[in-house]
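Structural description and commentary
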Amino acid sequence: MVMEFRNRNIISIQDFTRKEIDHVLKTSQVMEPVAKIGSSMLRGKILATLFFEPSTRTRLSFEAAMQKLGGSTIGFSDAETSSAKKGENFVDTIRTVENYADVIALRHRLEGAASVAAEYSRVPIINSGTGAQEHPTQALIDLYTIQKERGQIDNLKIAVIGDLRYGRTVHSLVKALMQYNVELFLVSPEILRMQGSLLREVKSKISVTEIQSLDEVMSEIDVLYVTRIQQERFPDPGEYVKLKGTYRVDLKSVKTAKKDLIILHPLPRIDEIAPEIDQTPYARYFQQVGNGLFVRMAILSLVLGATK
Ligand code: CP
């Protein structure tokens, strides 16, 4: 199968074959030195960042990536400042912005918003987080970081702890990991367990064990992926209050860890990783943030046809 990235929408990580994921990761590596010196490969191209939900890393790294490649950016980081506030519908916003931009990075609280945008847009849509559903470019960053830090993704034991119900980064990551030979441990409070259909799908492809306490696997895992509780997705705020602080990775938690364990987190972090972990050799979440720039440079250059 010929790989074609040009003009392609990125809606779900499941739109990618393993070969395509590997190609994005290779292109991200190529982008590392390019990020240092800059490039003009996307000169004249415009990225629109339409963020209907808050963001620090995704929006800023997309904008930085575009500028590193010689392109420019437009957009909004708060829909309250856009004509959505006046009642403009979502599709009309997309049909407007497609006239100004060559690619659109979209974040929205509604699952399915990226697919709807792709239906109406003449320019590619990059899903930059939709509700609790998916965040495919974050999964690519996570995979790139694992590969870079551990030299491989296959044959690793990976524990994912936190909000496996509402966490979109986890959903995209486990979907991506279905394409690799990994052993997965899912650690969460009962109410935040991964939901039925996704769990069944992942279990049908790779080894998955659900556990209640990280202690059960700490001594054998190679990667620990931590996520925050997604407060904003809880229908009942009282439920969040009950769950707040129910898990936390601190120095005591990593006492039995392998020497080469790496700890990742898509960020933002609230209280689920103690700051004392930042000083340990396990902490790689800020390297992961840095990798976001290279991966998003790769994605933009591929989707805009500057790289094959
Ligand atoms: N990881 C991530 O999506 O971070 P932001 O919400 O800050 O973009």
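Just above sits the structure.
Residues numbered from 1 in each chain as written. Predicted model: local features only at pLDDT ≥ 70, side-chain atom pairs only at ≥ 80, totals over all residues. Heavy atoms only, no water.

Counted under the stated rule, the structure contains 1 cavity of 30 Å³ or more. Surrounding the largest cavity, Arg228, Ile229, Tyr240, Lys244, Gly245, Tyr247, Ile270, Asp271 and Glu272 form its lining. By residue class, the composition of the lining of the largest cavity is 4 nonpolar, 1 polar and 4 charged. (1 Å grid on protein atoms, 1.4 Å probe; cavity = no way out; pocket = protein on both sides within 12 Å on 5 of 7 lines; lining within 4 Å. Points joined across faces, edges and corners; volume = space filled by probe spheres on them. Nonpolar A, V, L, I, M, F, W, Y, C, P; charged D, E, K, R; others polar.)

What follows covers the layout of surface pockets. Here the largest pocket defines a volume of roughly 390 Å³. Lining the largest pocket are 21 residues, and of these Arg107, Arg168, Arg228, Leu267 and Pro268 sit closest to its centre. If you list the elements that add at least two residues to the lining of the largest pocket, you get helix H2 (57-68) and helix H6 (168-177). Residues belonging to the lining of the largest pocket are distributed by class as follows: 4 nonpolar, 10 polar and 7 charged. Volume-wise, the second largest pocket comes out at about 190 Å³. (Helix = DSSP H or I, 4+ residues; strand = E, 2+ residues; numbered from the N terminus.)

Let us look at the sheet that holds strand S8 (residues 223-226). One open sheet accounts for 5 strands, arranged S7-S6-S5-S8-S9; its pairing is parallel. Across the chains shown, the open sheet's two edge strands, defined by having one partner strand only, are strand S7 (207-211) and strand S9 (262-264). For this sheet the average axis-to-axis angle between neighbouring strands, irrespective of direction, equals 20 degrees. Summarising the sheet, strand S5 (residues 157-161) and S8 pair through 4 bridges and their orientation is parallel. Each bridged residue has a counterpart across the sheet, and for Ile158 the counterpart in S8 is Val223. The strands touched by helix H7 (residues 196-205) are strand S6 (183-187) and S7; relative to S7, the strand with the most contacts, the crossing angle is about 135 degrees. (Pairing = 2+ DSSP bridges. Axes fitted to C-alpha atoms, helices over the stretch in contact; angles between N-to-C directions. Contact = heavy atoms within 4.5 Å.)

Evaluation of the coordinates by the stated rule reveals 6 aromatic pairs. On the basis of an interplanar angle of 90 degrees and a centroid distance of 5.2 Å, the ring pair of Phe52 and Phe76 is categorised as edge-to-face. Of this pair, Phe52 sits in the loop between strand S1 (46-51) and H2 while Phe76 is found in strand S2 (residues 72-76), placing the two residues 24 residues apart along the sequence. Judged by relative accessible area, which is 22%, Phe52 ranks as partly exposed. Both rings, one in Tyr166 and one in Phe234, keep their centres 5.1 Å apart while their planes meet at 50 degrees; by these two values the pair is tilted. You can see Tyr166 sitting in the loop between S5 and H6 and its partner Phe234 sitting in the loop between S8 and helix H8 (237-243), a full 68 residues away along the chain. (Phe/Tyr/Trp six-rings, centres within 6.5 Å; stacked < 30°, edge-to-face > 60°. Buried < 20%, exposed > 50% of the residue type's maximum accessible area, 1.4 Å probe, protein only.)

Before going further, it helps to spend a moment on the site of the ligand. The immediate surroundings of the ligand are formed by Ser55, Thr56, Arg57, Thr58, Arg107, His135, Gln138, Pro266 and Leu267. Between Arg107 and the ligand, the recorded distance is 2.9 Å, taken from a side-chain N or O atom to an oxygen atom. Leu267 has a polar backbone atom sitting 3.1 Å from a nitrogen atom of the ligand. Against a free-state accessible area of 250 Å², the protein chains account for coverage of 91% of the ligand. Of all the cavities here, the one that holds the ligand is the largest pocket. Among the residues making up the shell around the ligand, the classes are represented as 2 nonpolar, 5 polar and 2 charged. (Near = heavy atom within 4 Å. Polar contact = N/O pair within 3.5 Å; in protein donor to acceptor, adjacent residues only side chain to side chain. Areas by Shrake-Rupley, 256 points an atom, 1.4 Å probe, with all protein chains shown as cover. Sits in = over half its atoms within 2 Å of the grid points.)

It is worth spelling out the sheet that holds strand S3 (residues 103-108) at this point. Spatial ordering of the open sheet is given by S2-S1-S3-S4, a layout of 4 strands whose pairing is parallel. Looking at the sheet topology across the chains shown, the edges are occupied by S2 and strand S4 (125-130). Sheet twist, expressed as the mean angle between neighbouring strand axes with direction ignored, is 15 degrees. Note that S1 and S2 share 5 bridges and pair parallel. Following the sheet pairing, Leu47 is matched in S2 by Thr73.

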